[in-house]
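An overview of the molecular structure
Spelled out, the chains give:
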Amino acid sequence: MTQPLAARTLMEKLVSFPTVSRDSNLPLIDWVEEYLDTQGIACHRHYSPDGGKAALFAHAGPNAAGGVVLSGHTDVVPVDGQPWNTDPFTVTEKDGRIYGRGTCDMKGFDALAIWALVEAHHRGVKRPLQLALSYDEEVGCIGAPPMIDRMLQVLPKASAVIVGEPSMMQAVTGHKGGKGFHTHVVGFEVHSSLMHTGVNAIMSGAKLIEWANEMNQQNSAKPVDVIDAAFYPPWTTLHVGMIEGGTAHNITAKDCRFGVDFRCVPSETLAGWEELYRAKVREVEAEMQAVHPEAWIKIKERFSVPALRGETEGEAERIARQLTGDNANHVVSYGTEAGQFQERGYSAVICGPGDIAQAHQPNEYITAQQFSAGEAFMARLLDSL
Ligand SMILES: [Zn+2]
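Here is a short report on the structure shown in this document.

If you tally the helices and strands in the chain, you get 9 helices and 16 strands. Taken over the C-alpha trace, the chain has a radius of gyration of 23 Å; the compact-globule value for 385 residues is 21 Å, and the two agree within 12%. C-alpha atoms of the chain, sized along the principal axes, occupy 75 × 45 × 45 Å. Here the chain holds 385 residues, and 52% of them are scored as buried. At a minimum sequence separation of 6, the contacts of the chain that also span at least 24 residues come to 81%. Roughly 16800 Å² of accessible area belongs to the chain as shown, and the carbon and sulfur atoms make up 53% of that amount. Side-chain charges in the chain split into 32 positive and 47 negative, and the spacing between the mean points of these groups amounts to 2 Å.

The antiparallel open sheet is built from 3 strands, whose spatial order is β4-β5-β16. Each of the sheet's edge strands pairs with one partner strand only, and the pair in question is β4 (92-94) and β16 (365-367). When the angles between neighbouring strand axes are averaged without regard to direction, this sheet yields 25°. Sheet topology note: the β4/strand β5 (residues 97-99) ladder contains 3 bridges and is antiparallel. Counted as the bridge partner of E93 is I98 from β5.

Pairs may arise between side chains of opposite charge once their charged atoms sit close together. Using the criterion set out here, one finds 23 salt bridges in the structure. A salt bridge links E33 to R45; the shortest N-O distance between them is 2.5 Å. On the criterion of sequence distance, the pair formed by E33 in helix α2 (residues 26-38) and R45 in strand β1 (residues 43-47) is long-range, its members being 12 residues apart. Residue E33 is classed as partly exposed on the basis of its relative accessible area, which comes to 24%. Residues joined in a network through salt bridges with shared partners are K179, E274, R278 and E301.

A few words on the nonpolar core. One finds V32, L36, L70, I114, L129 and L381 to be the most contacted residues of the largest nonpolar core, which totals 54 residues. If one sorts the elements of this core by residue count, helix α3 (residues 107-123) sits on top with 9 residues. Contacts of L70, omitting those with residues within four sequence positions, involve F109, A113, A116, L129, Q130, L131, A132, I162, M378 and L381. Among the nonpolar cores identified, the runner-up in size contains 25 residues, and W211, V281, I297 and I299 belong to it.

So, how was this worked out
Residues numbered from 1 in each chain as written. Predicted model: local features only at pLDDT ≥ 70, side-chain atom pairs only at ≥ 80, totals over all residues. Heavy atoms only, no water. Helix = DSSP H or I, 4+ residues; strand = E, 2+ residues; numbered from the N terminus. Rg over C-alpha atoms; globule rule 2.2 N^0.38 Å. Buried < 20%, exposed > 50% of the residue type's maximum accessible area, 1.4 Å probe, protein only. Contact = heavy atoms within 4.5 Å. Areas by Shrake-Rupley, 256 points an atom, 1.4 Å probe, with all protein chains shown as cover. Lys, Arg positive; Asp, Glu negative; His and termini not counted. Charge placed at Lys NZ, Arg CZ, Asp CG, Glu CD. Pairing = 2+ DSSP bridges. Axes fitted to C-alpha atoms, helices over the stretch in contact; angles between N-to-C directions. Salt bridge = Lys/Arg side-chain N within 4 Å of Asp/Glu carboxyl O. Core = buried A, V, L, I, M, F, W, Y, C linked by side-chain atoms within 4.5 Å.

This is the structure we're talking about:
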């Protein structure tokens, strides 16, 4: 057996793999599996459909149900076009801040979780600890559901899941649900001087985007439902983050593609918003087809993340509160894999080091203080197991 590595060393290693969601995470997964193997821990993998990525999970302690899962994602968002002062894939500490892509979201937590798993294995815990590392979280939490299904087949079922997204080590018990759609608008091309005879896909798509603007305005003006009050903002938001389309300035655009994403408060449903969006799509499509029958709009679901709902007497929440001493109520407006674990029958909570404000940013960092708080949390967790 080689010496176990410190959590900080593990983080440095994990950050050195540029596991941007569009690229493979297999070099990182290979390294983690090899490391855990040297420590005597067996790993299981679940591959993405194309085999280019994998999730990894492992179990330490007695071969029994009722353990605790530490769950993180291995992918990070791109650094393209961001002004970094240091190499994003080399951990650099300065003035109490540890810089590097993923230090905050969320390889810092992944490192702590790997460290804790190895400790649990060597110490011999009474209650099992499990590690779950997913892929493709940053592109809509796509990788976790098949991984969780596989875990349920392969490992004894744990009773609580701690998803270590950056929460400043507070126990977060709720988040909004999210759903995103690819929208493809197909128009009919004519010379722009005769635009009344063609259908411009961009200008038709703009009607759907303007609808999203209107919905945001209406939602923000509605009275806040009491069960949504803790969220920031306490209303459902619609967002268009990417768009492309058109061929030339003097041709009515044939194609326009964009995404429409919904972040939905608990008092409303994703299904309800999907229905509203589909109705608006049909309305705009009918207007397009009135000009030319070959025009159409197709929408395709890109991701769907169930909301994390507050549990009554939740085991995960109990553990997180006991270990952090945090008894306040926290909810967040971003989606996580916690809702997906909960949907599959686990008690789940979000609790991890770092501030979400630093996630996805150029010069992403976690403070050394937060990383130490994460280490202290893991130490207390191991004692409790
Ligand atoms: Zn994350």
